[in-house]
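# Examination of the molecular architecture
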Amino acid sequence: MTKRNRIESSGGLKKTKKERAHVNFLGIPIDSIGKGEVKRHLLLLIAASLVTKLLVVILTISVFHSFIDLFDIGFYFDHAMLLVQGQLPYINYSFDYPVLIFFPILIALIPTLLFQNAMAFLFTFSGLMVIFDIITLVCIYLIGLRIVNEKTAFYASMIYATAFSTSYFVLTKYDAFPTNLLMVAVLFTVYGMNVRGYIAATLGFFAKIFPALSFPFFILYNAKSTSLKRELISGMKVIIPFLLILFLPFALIRPAIINTYLFATGASVGVYVNTATFTLFAYLHNVVGLGVTASFVSFVMYILMELVLLTLLGVAFFDSERRPKTLVKLLLATIFSVIFFTKFHSPQYIVWLTPFLCLLVADNLTKIILFYIAQVFAYLEFPLMFGTFYTNLEYVSPVGTPSWDLTLIFFTLQYVVLVILLFVALEPADLLDVMKERVERMRK
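Residues numbered from 1 in each chain as written. Predicted model: local features only at pLDDT ≥ 70, side-chain atom pairs only at ≥ 80, totals over all residues. Heavy atoms only, no water.

## Some remarks on the nonpolar core
Counting residues in hydrophobic clusters, the biggest one holds 110 residues, and the most contacted among them are Y141, I143, V186, F218, L332 and F356. Take this core: its biggest share by element is 12 residues, from helix α15 (residues 324–341). Sequence-distant contacts of F218, defined by excluding residues within four places in its chain, comprise L182, A185, V186, T189, G197, Y198, A201, L327 and L331. Ranked by size, the runner-up nonpolar core spans 35 residues in total, among them F77, I105, L122 and A251. (Core = buried A, V, L, I, M, F, W, Y, C linked by side-chain atoms within 4.5 Å. Buried < 20%, exposed > 50% of the residue type's maximum accessible area, 1.4 Å probe, protein only. Helix = DSSP H or I, 4+ residues; strand = E, 2+ residues; numbered from the N terminus. Contact = heavy atoms within 4.5 Å.)

And the structure:
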């Protein structure tokens, strides 16, 4: 093992004997930093996060004269009212969210019924998402202490706290909750709390599906210190009870719920125009003049996604050093690949990526600047350009008009920035070195 690998595998910079004393913070053992210092950092980070969200609301409405999107929260409120009327989701009607979405919905319903005011639901639901986002912020800080060092961990957390586009979607969407569960799972996993990590990831799956992508990587990562068989059994011991309680009863009553758990929500719609798939199709079909269809381009993109995911699983399998930072990189690459190659897209997907990006760009000023440029593009996409330049399934202006060209150029630049940001965050040469090292060992 190289000196660099020993340092990274140990979860950050090498520590002296004096620095190895553990400080227990929220049940997490922390090296080489006092509890008081941790609390001071977290208070600063939480304050920055709250100020950022307040500024986002003020600037969006007063400076950019745009809107705070309440469509999703209104959708959640409508289903809360169905519950009040005795209508049960998955039983009396179909519902395209996993069952744990009703955790924040039911909590937000309490003040709504007490005060008989729909606005109480809005403020309570948004407030819950802010709380979950703050927990994610704490997770980023603690994960950073494990995989890098105190200074970089603080920078990563501050970058997350001031990620203004992500903050917009935290206030207006539900994604902060499943993202929080995923980051809790990562936190437990990198600190060696394997079963707790599986529990959090499973709960994330029952909140919004995408945290399930982490499961094979957690199992392969944990298997480095135990065995693959043992971790598969441990994982199944967690997953099966949750399936029996939170999935099977609904599936027996209404089998259509299975579609909710198979990424099938957007399968029946066309190719969204804010996807990389449509952007590529627009060049091939409208600019170059090739007779390809959007569905054909989407088919090719899904094949590419499968190849990328298999490659990432291969890297995870060959990472014999159990590097926490490599795990974070693999999770980022996996989630990004699913977002990049699929044919449907929601702007709030940036919430899924941001915690991992912050952990991986905080050590370099150029990377940090690139991160904020990506945040600018995400904020321009939504809310500023939505409805004026594009809707989900079409550009607003006809093909060949200056506005159509501008929209295509915008999405092109946005994906170019995202791909470059992913490249500098992942440092793919290091990931390939993981596989090369293992192959060389196998040959010997």
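## Side note on helix α17 (residues 365–384)
Taking 1.5 Å of rise per residue, 20 residues should cover 28 Å, and α17 covers 27 Å from first to last C-alpha, within 8% of that figure. Within the sequence span of α17, burial applies to K367, I368, L370, F371, A374, Q375, F377, A378, Y379, E381, F382 and P383. If you follow the buried residues of α17, they end up packed against α2 (35–63), α6 (150–161), α7 (164–172), α16 (350–361), β3 (390–391) and α18 (402–426). A side-chain oxygen of the first residue of α17 lies 2.9 Å from the backbone nitrogen of T366; this N-cap is N364. (Expected span 1.5 Å × (residues − 1). Polar contact = N/O pair within 3.5 Å; in protein donor to acceptor, adjacent residues only side chain to side chain.)

## A word on unusual backbone geometry
Note that the residue after F382, namely P383, is joined by a cis bond; omega there is 20°. Its place among the elements puts P383 in helix α17. Located in the positive-phi region is H65, a residue other than glycine, with phi close to 50°. With respect to the helices and strands, the residue H65 is situated in the loop between α2 and α3 (71–84). Note on H65: relative accessible area 65%, which makes it exposed.

## Some details on α7
Here α7 lies mainly inside the structure; 8 of its 9 residues are buried. Where α7 is concerned, the buried positions are S165, T166, S167, Y168, F169, V170, L171 and T172.

## A short note on empty space enclosed by the protein
Sizing a probe to match a water molecule and rolling it over the atoms shows the empty space that remains. Considering all chains together, one arrives at 2 cavities of 30 Å³ or more under this definition. Of the voids in this model, the largest cavity is the one considered here, and its volume is about 160 Å³. For the largest cavity, the lining is made up of 17 residues, of which H345, I350, E381, Q414 and L418 are closest to its centre. Those elements that provide at least two residues to the lining of the largest cavity are α15, α16, α17 and α18. The greatest single-element share of the lining of the largest cavity, amounting to 4 residues, is contributed by α17. Its residues assigned to classes, the lining of the largest cavity shows 13 nonpolar, 3 polar and 1 charged. By volume, the second largest cavity is sized at about 50 Å³. If you go around the second largest cavity, the residues you meet are F217, Y221, K224, A316, D319, L327 and L330. Considering only residue class, the lining of the second largest cavity consists of 5 nonpolar, no polar and 2 charged. (1 Å grid on protein atoms, 1.4 Å probe; cavity = no way out; pocket = protein on both sides within 12 Å on 5 of 7 lines; lining within 4 Å. Points joined across faces, edges and corners; volume = space filled by probe spheres on them. Nonpolar A, V, L, I, M, F, W, Y, C, P; charged D, E, K, R; others polar.)

## Regarding the packing of aromatic side chains
Pairs of aromatic rings are described using the distance from one ring centre to the other and the angle between the two planes. Considering all chains together, one arrives at 44 aromatic pairs under this definition. Ring centres 5.7 Å apart and planes at 75° place the aromatic pair F67 and F382 in the edge-to-face group. Of this pair, F67 sits in the loop between α2 and α3 while F382 is found in helix α17, placing the two residues 315 residues apart along the sequence. The class of F382 is buried, set by a relative accessible area of 6%. Ring geometry for Y349 versus W352: centroids 4.3 Å apart, planes at 35°, classification tilted. Both residues of the pair, Y349 and W352, count as buried. (Phe/Tyr/Trp six-rings, centres within 6.5 Å; stacked < 30°, edge-to-face > 60°.)

## So, the packing of α16 against α18
Remark: α16 packs on α18, axes separated minimally by 9 Å, with the N-to-C direction vectors making an angle of 55°. If you check the angle between α16 and α18, you find them oblique. Considering only the axes of α16 and α18, their crossing is left-handed. On α18, the residues touching L357, L360 and V361 of α16 are L421, A425 and L426. Across the contact of α16 with α18, the residue classes break down as 6 nonpolar, no polar and no charged. (Axes fitted to C-alpha atoms, helices over the stretch in contact; angles between N-to-C directions. Parallel < 35°, antiparallel > 145°, perpendicular 65-115°, else oblique. Left-handed = near helix turned anticlockwise from the far one by under 90°.)

By themselves, these figures tell us nothing about what the structure is for.
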